[in-house]
Amino acid sequence: MQDSDIQARLAALKAQYSQRLGEDLQTLTAQARELSARQSGLDPAMLEVLKQGLHRIAGSAGTFGYPELSRDAREMEMWLQTVIESAAAPTPPMLSALHDRLRDSYRLLATTAAAAVAEPQAGYDLASGDRPIRIAVMADGETDALVHSLTGFGYDCRALSAERSFREWQPDVAIVDTARVDSVTWRDRIADMPQAMLILLSDDTGFDARLQAVRDGAHGFFAHPVDVPSLERHLRQLVNLPQQDPYRVLIVDDDLELAEHFRLTLKGAGIESRVITAPRDVLRGLRDFVPDLVLIDINMPGCSGPELARLIRFDDDWLRIPLVYLSAESDVHRQAQALAQAGDDFLVKPIADVALVAAVTARAQRSRQLSLALARDGLTGLIKHPAIKELIEIEQARSERTGSEACVVMIDIDRFKSINDTYGHGTGDYVIRLLANLLRQRLRRVDHVGRYGGEEFVAVLPSCSLEHAREAIERIRVSFSQLECVAARETFNVTFSAGVASTLDWQPAEALLEAADRAMYDAKQGGRNQTRVAVAP
Ligand SMILES: Nc1nc2c(ncn2[C@@H]2O[C@H](COP(=O)(O)OP(=O)(O)OP(=O)(O)O)[C@@H](O)[C@H]2O)c(=O)[nH]1
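Residues numbered from 1 in each chain as written. Predicted model: local features only at pLDDT ≥ 70, side-chain atom pairs only at ≥ 80, totals over all residues. Heavy atoms only, no water.

Trainee: Would you take a moment to explain the side chain of Asp-253 for this structure?
Mentor: Residue position: Asp-253 is located in the loop between β6 (248-252) and α9 (256-268). A distance of 3.0 Å separates polar atoms of two side chains, one belonging to Asp-253 and the other to Lys-349. With near-sequence residues (within four places) excluded, Asp-253 lies in contact with Leu-258, Ala-259, Phe-262, Ile-276, Thr-277, Asp-297, Met-300 and Lys-349. (Helix = DSSP H or I, 4+ residues; strand = E, 2+ residues; numbered from the N terminus. Polar contact = N/O pair within 3.5 Å; in protein donor to acceptor, adjacent residues only side chain to side chain. Contact = heavy atoms within 4.5 Å.)

Trainee: Can you walk me through the UniProt feature "modified residue: Phosphohistidine" (unreviewed entry) in the protein in this structure?
Mentor: Residues annotated by UniProt as "modified residue: Phosphohistidine" (unreviewed entry) correspond here to His-55. Assessed through its relative accessible area of 8%, His-55 is described here as buried. Setting aside anything within four residues of it in sequence, one finds His-55 in contact with Glu-77, Asn-299, Ala-328 and Glu-329. (UniProt positions renumbered as here; feature names shortened; annotations may be inferred. Buried < 20%, exposed > 50% of the residue type's maximum accessible area, 1.4 Å probe, protein only.)

Trainee: Even after reading the chapter, I still don't get unusual backbone geometry, so can you show me in this structure?
Mentor: Keep in mind that most residues, glycine aside, have a negative phi and that most peptide bonds are trans. The residue after His-224, namely Pro-225, is reached through a cis peptide bond having omega -5 degrees. Residue position: Pro-225 is located in the loop between β5 (218-223) and α8 (228-240). The omega torsion across Lys-349 and Pro-350 is -5 degrees, close enough to zero to call that bond cis. Mapped onto the fold, Pro-350 is located in the loop between β10 (345-348) and α13 (353-375). Phi at Val-290 takes a positive value of approximately 40 degrees, unusual for a residue other than glycine. Here Val-290 is to be found in the loop between α10 (282-289) and β8 (293-296). Note on Val-290: relative accessible area 30%, which makes it partly exposed. Here Arg-528, not a glycine, exhibits a phi torsion of approximately 65 degrees, which is positive.

Trainee: Even after reading the chapter, I still don't get the packing of α9 against α13, so can you show me in this structure?
Mentor: For any two helices packed against each other, one specifies the crossing angle of their axes together with the interaxial distance. Relative orientation of the contacting elements α9 and α13 amounts to 70 degrees, with a least axis distance of 10 Å. When the interaxial angle is binned, α9 and α13 end up roughly perpendicular. The residues of α13 that touch α9, namely those facing His-261, Phe-262, Thr-265 and Leu-266, are Asp-353, Leu-356, Val-357 and Val-360. Its residues placed into classes, the contact of α9 with α13 shows five nonpolar, two polar and one charged. (Axes fitted to C-alpha atoms, helices over the stretch in contact; angles between N-to-C directions. Parallel < 35°, antiparallel > 145°, perpendicular 65-115°, else oblique. Nonpolar A, V, L, I, M, F, W, Y, C, P; charged D, E, K, R; others polar.)

Trainee: So what exactly am I meant to see when it comes to the pairing of strand β16 (residues 496-502) here?
Mentor: Along a regular strand, successive side chains alternate from one face of the sheet to the other. For β16, the tally of buried residues reaches seven of seven residues, placing the bulk of the element in the interior. With seven bridges joining them, strand β11 (residues 407-413) and β16 adopt antiparallel strand pairing. Bridge pairing in β16 links Ile-413 to Phe-496. Relative to strand β17 (residues 531-533), β16 runs parallel, the two sharing three bridges. Note on β17: the bridge partner recorded for Val-500 is Val-533. Taken together, β16, helix α18 (residues 509-525) and β17 constitute a β-α-β crossover, and its handedness is left-handed. (Pairing = 2+ DSSP bridges. Right-handed = clockwise from strand over helix to strand, strands pointing away.)

Trainee: Looking at this structure, I do not really get the nonpolar core. What am I missing?
Mentor: It is characteristic of soluble globular proteins that their nonpolar side chains tend to be buried jointly. Among the nonpolar cores identified, the biggest contains 55 residues, and Ile-135, Ile-175 and Val-431 are the most heavily contacted of them. It is helix α16 (residues 425-442) that contributes the most residues to this core, eight residues altogether. Two domains each donate at least three residues to this core, and these are domain 2 (134-243) and domain 4 (385-533). The contact partners of Val-431, leaving out residues within four places of it in the chain, are Ile-413, Phe-416, Ile-419, Phe-480, Cys-485, Phe-492 and Val-494. Residues Leu-28, Ile-57, Leu-98 and Leu-293 belong to the second largest nonpolar core, which totals 48 residues. (Core = buried A, V, L, I, M, F, W, Y, C linked by side-chain atoms within 4.5 Å. Domains from an automatic or database assignment.)

Structure below.
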């Protein structure tokens, strides 16, 4: 959806809401008039209805551009709450004052709505692009080695010297070795590259050095000797962040207009949301939409927010998803009570659009990171064995359904035992991470890469012919064999063998995986450092 479309929809929603607010205020004014006119027998249920109506306005009017009405409604709501909690009934003059105040609110709405102009929303530019990531490296004597390693991963990497400006080239990332380049020089060079994210390398790993890096605006900090796989992984996270799948938020609120406003506001910031107005639909929403975060209203008919949060928490599948109350409840004790039952956080309505976006983004990001960490192998960050097997099944089923071709690749590092025996287990781990990063970096974003076993990997390549899969893996095989691994001041090269099989030739998923495994075994038998294709039966 275009930004202008979102703005137009938000403006239409505001108009719709303003009309409803006017009607609500008229109804509440009439109710207050009726109450103040009663000489006896004040009905507590009517007070409660009045209070609920004010609560709704308190939580929504600010969002649609009527902050004063929101504040007024909250004050009246709190006054009514005190009245309801105390045994003494309000006197007719008190209710008459309430009526007058409500009438004034209605008048204020009429004047504000007439003068209202749609406020421009902040733009959230989610940059994207397919050119290789540009990295400038300033590391004096060690620049070449780093440039060589990062070029091997497919980055457009160049050395940055004191004499050479990168004003024209504009790198995405600048890596500076603060231990080897004088601070005036690098700060001067960095000033030419305002877009570049800064990664600092240092000999000093202490708190002060890290704090200084934060103050220099660094996005990453690595100590010598630099662990290249970690650096590369960090780089990938930095530059890929804006391109990942949009965060998903499930909004549970019985006020459709308000929920729709939140949905559009989040949409403007690149966040996908789904609105649920009936609490009983929440489980289906969770299953179908698989959100990163759930925003829950507190006061809903039939099921309160805390009840709903507890109900969601019965199911272990949703444990990782933060449940955040988005409510007009401003009383901190009642907020604490809600949180004590279930739920992770509290946002108070009305909430400014930028505050909502910031709060949702921060929490959704943590939730996404946590989910990824749970499904990923600790050493490599790749998908774990069970999850990658599931993805193979999904691709196999899709292929059967649509007739499209997908390929599965089994990859095994050659003579890995001797690497462990010669250089130690730590170096073996380093090699595993190096290959994991290379696979992630060189395959497409739609491809899945998993760690299948110790030094064994599986890649799933959707919408890919057998020949294209073979070519892609061959290119990675050649690059990997040329990467220099360093251990105890010695450099050495490592190779892998691979087997490729197509979903069109092998069913079910288990047979597909076995075919790729057999082809990989053939590659080993054929002398290693090669890719074999599983020929159709
Ligand atoms: N460093 C390290 N080693 C591992 C890990 N997982 C498995 N290994 C080792 O990887 C080695 C695998 O060796 P083998 O399966 O005999 O095969 P290979 O030496 O790779 O030889 P070929 O596959 O025939 O080329 C074993 O020594 C395992 O102990 C791990 O996570 N880290």
